[in-house]
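Tertiary structure, described
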Amino acid sequence: MDKIIAQLEGVLQRYDELEEMMADPEVINDTKRYMQVSKEEGSMREVVQKYKHYKEVLHDIEESKEVLSDTDDSDMADLAKEDLANLQKEKEQLDHELLVLMLPKDPNDDKNIIMEIRGAAGGDEASLFAADLLSMYQKYAERQGWSFEIVDENRTDVGGFKEVAAMITGENVYSKLKFENGAHRVQRVPVTESAGRVHTSTATVAVMPEYDDIDFKLDPKDIRTDVYRSSGAGGQHINKTSSAVRMTHIPTGIVVAMQDQRSQQQNREKAMQILRSRVYDFYETQNRDEYDEKRKSIVGTGDRSERIRTYNYPQNRVTDHRIGLTLNKLDRIMNGELDEIIDALIVHDQADKLEHLQDGVA
C-alpha cells in the first residue's frame, strides 16, 4: 500500500495545483484552458476526497492508540479499544476503495458508442436474433436515459437484420457496453420450425467508441468518397438526388455506405463518424491482439469471434461464459434489464485489474 500512498500524495499535490489554477484570472479568462483544468479537477475529486478522509482515519487511529497507552481509566480504555476496532475496519474498507479508484482508467469509458449488430450463423433465424438484440440494447439505453439512434440498417425479408448500426449517446455509455463485443448465441425454436426443434444461431456485436477529429484524425487523402442515388425508402426527394454516400478508407479497405439520412451532407457526416470509429477500432484491435498474447482478461478479449453469451429460450436462461454467470430471467433481460450482467462484468474486470495492481505493488 506504500506505493499507492505515494501515488495518492502525487494526486493530492496535483489537485491543489488545479484548484489554484481555477482561481487564477488568466485561466478563468481562457475558456478552453479553464474547461481542460476543470475537467481534470473533476476527474480527481472523488479520489482526493476519499484520500483526505483516509488520512483523517489514520490520524484518529494514532490518537486512539495514544489514549490506550496513556490512560489508566478502564472505561476510557474500553472506549478507545472500541473506537480503534471501528477505525481499523474503516481503514480496511478505505484501503480497498482507494485501490479501486487508483486502477488504470479506460480513456474511452466516458465516450458515446457506435454499436453494430450482424446476423451470423443461422440464416433467417440469425437475422431475427440480431433484431432481438437491437431491441434489448435499445430498451436498456432507454432505462439509462441515453439517446439511441439507428444510423444504418440492412433488413431481411423476414423482418430481421443482416446488419444494423446504432449510435448510443449519454453518460458513460462505453464503460457499460464495452464488454458486449463478441458472438452472442441463441437457442430456441424458430417460428418457421414446424417440428418444434431447438435451433442454435449466432449474431455478432461490435462496440466502438465514437471519436471526433480531436481524438483521432483521418487523413483526407486516405478516404475515397462516392455519391449515388439512394435505393431505400425515403420518398421521391431521396431517390431523385445523389444523396447516398460511400466512403472507403484506402489503407485498411474499410467501407461505410450511408443512405438513411435525408441529405447528402447528413449522410457524409454520419458516414464519417462511423468510418472514424471503425478505422480506430481496426488499429486498436491490432494492438489489443498483441496485448492479449501476453495476458487474457478475465472478461475475455472482446474478440468478435469469441462466444461470450448464450440466450436459451426454452429454459428462460442466459449464461455469460466469460465469468460463469447464469441467470434464469431471459425474458427480463431481453426487455432491457441488463444491469445485473453488466455490473458483474465490471466487478470482475475491476477484480482482475486490482489483482495485477497489487502484484505490482507487492
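Residues numbered from 1 in each chain as written. Predicted model: local features only at pLDDT ≥ 70, side-chain atom pairs only at ≥ 80, totals over all residues. Heavy atoms only, no water.

Considering the packing of helix α3 (residues 31-70) against helix α4 (residues 74-101)
What counts, and what does not: Comment: axis = line fitted to C-alpha atoms, over the contacting stretch for helices; angle = value between 0 and 180 degrees taken between N-to-C directions. By the criteria applied, helices consist of DSSP H or I runs no shorter than four residues and strands consist of E runs no shorter than two, each listed in order from the N terminus. These descriptions rest on fixed angle ranges, namely under 35 degrees for roughly parallel, over 145 for roughly antiparallel, 65 to 115 for roughly perpendicular, and the rest for oblique. With the far helix as reference, a near helix turned anticlockwise by less than a right angle produces a left-handed crossing, and one turned clockwise produces a right-handed crossing. Any residue outside Ala, Val, Leu, Ile, Met, Phe, Trp, Tyr, Cys, Pro, Asp, Glu, Lys and Arg is labelled polar, Gly included; the first ten of those are nonpolar and the last four are charged.
Running from N to C, α3 and α4 cross one another at 155 degrees; their axes reach a closest spacing of 9 Å. When the axes of α3 and α4 are compared, the pair comes out roughly antiparallel. The two elements α3 and α4 meet at a crossing, and its hand is left-handed. Among the residues making up the contact of α3 with α4, the classes are represented as 16 nonpolar, three polar and 10 charged.

Focus: unusual backbone geometry
With a phi angle near 55 degrees, N172 is a residue other than glycine that sits in the positive phi range. With respect to the element layout, N172 can be found in the loop between β3 (161-169) and α6 (173-177). One non-glycine residue, N316, lies in the positive phi region at around 50 degrees. Here N316 lies in the loop between β9 (307-312) and β10 (317-320).

Some words on the environment of H184
Stated precisely, the cut-off is as follows: Residue contacts are defined here by distance: any two heavy atoms, one from each residue, within 4.5 Å place the two residues in contact. Polar contacts, as counted here, are pairs of nitrogen or oxygen atoms within 3.5 Å of one another; within protein the pair requires one atom able to donate a hydrogen and one able to accept it, and residues that are adjacent in sequence qualify only if both atoms are side-chain atoms.
Structurally, the position occupied by H184 is in strand β4 (residues 182-188). Between the alpha carbons of H184 and R307 there is a distance of 6.0 Å; along the sequence they are 123 residues apart. Excluding its chain neighbours within four sequence positions, the residues that come into contact with H184 are F129, L133, Y137, S201, T202, A203, V205, I308, R309 and Y311. Within the structure, H184 has its side chain in polar contact with the backbone oxygen of E180 (distance 3.0 Å).

Focus: the environment of D281
To keep it simple, the criterion reads: A 1.4 Å probe rolled over the protein chains alone gives each residue an accessible area, and that area as a share of the maximum for its type sets the label: buried under 20%, exposed over 50%, partly exposed in between.
Relative to the helices and strands, D281 is located in helix α8 (residues 264-294). The exposure class of D281 is buried, given its relative accessible area of 9%. A sequence separation of 75 residues divides D281 from A206, and the C-alpha atoms of the two residues are 9.6 Å apart.

Remarks on the nonpolar core
Note the following rule: By nonpolar core is meant a set of buried Ala, Val, Leu, Ile, Met, Phe, Trp, Tyr and Cys residues that side-chain atoms within 4.5 Å join together.
Formed by 38 residues in total, the largest nonpolar core has its most connected members in M115, I117, L133, Y137, I168, L177 and Y311. For this core, the secondary structure elements donating two or more residues are β1 (113-119), α5 (124-144), β3, α6, β5 (199-209), α9 (330-334) and α10 (339-361). The dominant element in this core, judged by the number of residues it contributes, is α5, at nine residues. Beyond its immediate sequence surroundings of up to four residues, Y311 is in contact with F129, L133, M136, H184, R185, V186, Q187, R317, V318, L330 and M334.

Section: the pattern of salt bridges
Quick note on the threshold: Throughout this description, the term salt bridge denotes a Lys or Arg side-chain nitrogen within 4 Å of a carboxyl oxygen of Asp or Glu.
Taken as a whole and assessed by the stated rule, the structure comprises 23 salt bridges. A salt bridge links D109 to K178; the shortest N-O distance between them is 2.9 Å. Taken as a pair, D109 in the loop between α4 and β1 and K178 in the loop between α6 and β4 lie far apart in primary sequence, 69 residues in all. Since its relative accessible area comes to 12%, K178 is described here as buried. The closest approach of N and O atoms between R155 and E153, which form a salt bridge, is 3.1 Å. For E153, a relative accessible area of 32% puts it in the partly exposed group. A cluster of three or more residues bridged by salt bridges with shared partners is formed by E116, R118, E163 and R278.

Describing the pairing of strand β7 (residues 244-249)
To keep things clear, this is the line we draw: Only strands that DSSP links by at least two bridges are regarded as paired with each other.
Most of β7 is tucked away: five of the six residues are buried. Alignment of strand β6 (residues 223-228) against β7, held across six bridges, turns out to be antiparallel. Counted as the bridge partner of R224 is T248 from β7. Where β7 and strand β8 (residues 254-258) come together, five bridges link them in antiparallel fashion. Its bridge partner being in β8, R246 is matched across the sheet by A257. Once β7 ends, the chain turns through four residues before running back antiparallel as β8, passing G253 with a positive phi of about 80 degrees.

Observations concerning the sheet that holds strand β2 (residues 147-155)
Judged by pairing direction, the sheet is mixed, and its eight strands sit side by side in the order β2-β3-β1-β5-β4-β9-β10-β11 without closing on themselves. Both edges of this open sheet fall to β2 and β11 (325-327), since each of them pairs with a single strand only. Between one strand axis and the next, the sheet turns through 15 degrees on average, direction left out of account.

So, the packing of aromatic side chains
Defined as follows: The rule is short: rings of Phe, Tyr and Trp, with Trp giving its six-membered ring, pair when the centres are within 6.5 Å, and they are stacked under 30 degrees, edge-to-face over 60, tilted in between. The criterion for a charge sitting over a ring is simple: Lys NZ or Arg CZ within 6 Å of the ring centre, and within 35 degrees of the ring normal.
Here the structure, examined in full by the defined rule, presents four aromatic pairs. An angle of 65 degrees between the planes, with centres 5.4 Å apart, marks the rings of F129 and Y311 as edge-to-face. You can see F129 sitting in helix α5 and its partner Y311 sitting in strand β9, a full 182 residues away along the chain. The residues F129 and Y311 share a single accessibility class, namely buried. On the numbers, 5.6 Å between centres and 80 degrees between planes, the contact of Y140 with W146 is edge-to-face. Accessibility assignment for this pair places Y140 and W146 in one class, buried. Sitting above the plane of the Y313 ring, R188 keeps its charged end 4.9 Å from the centroid.

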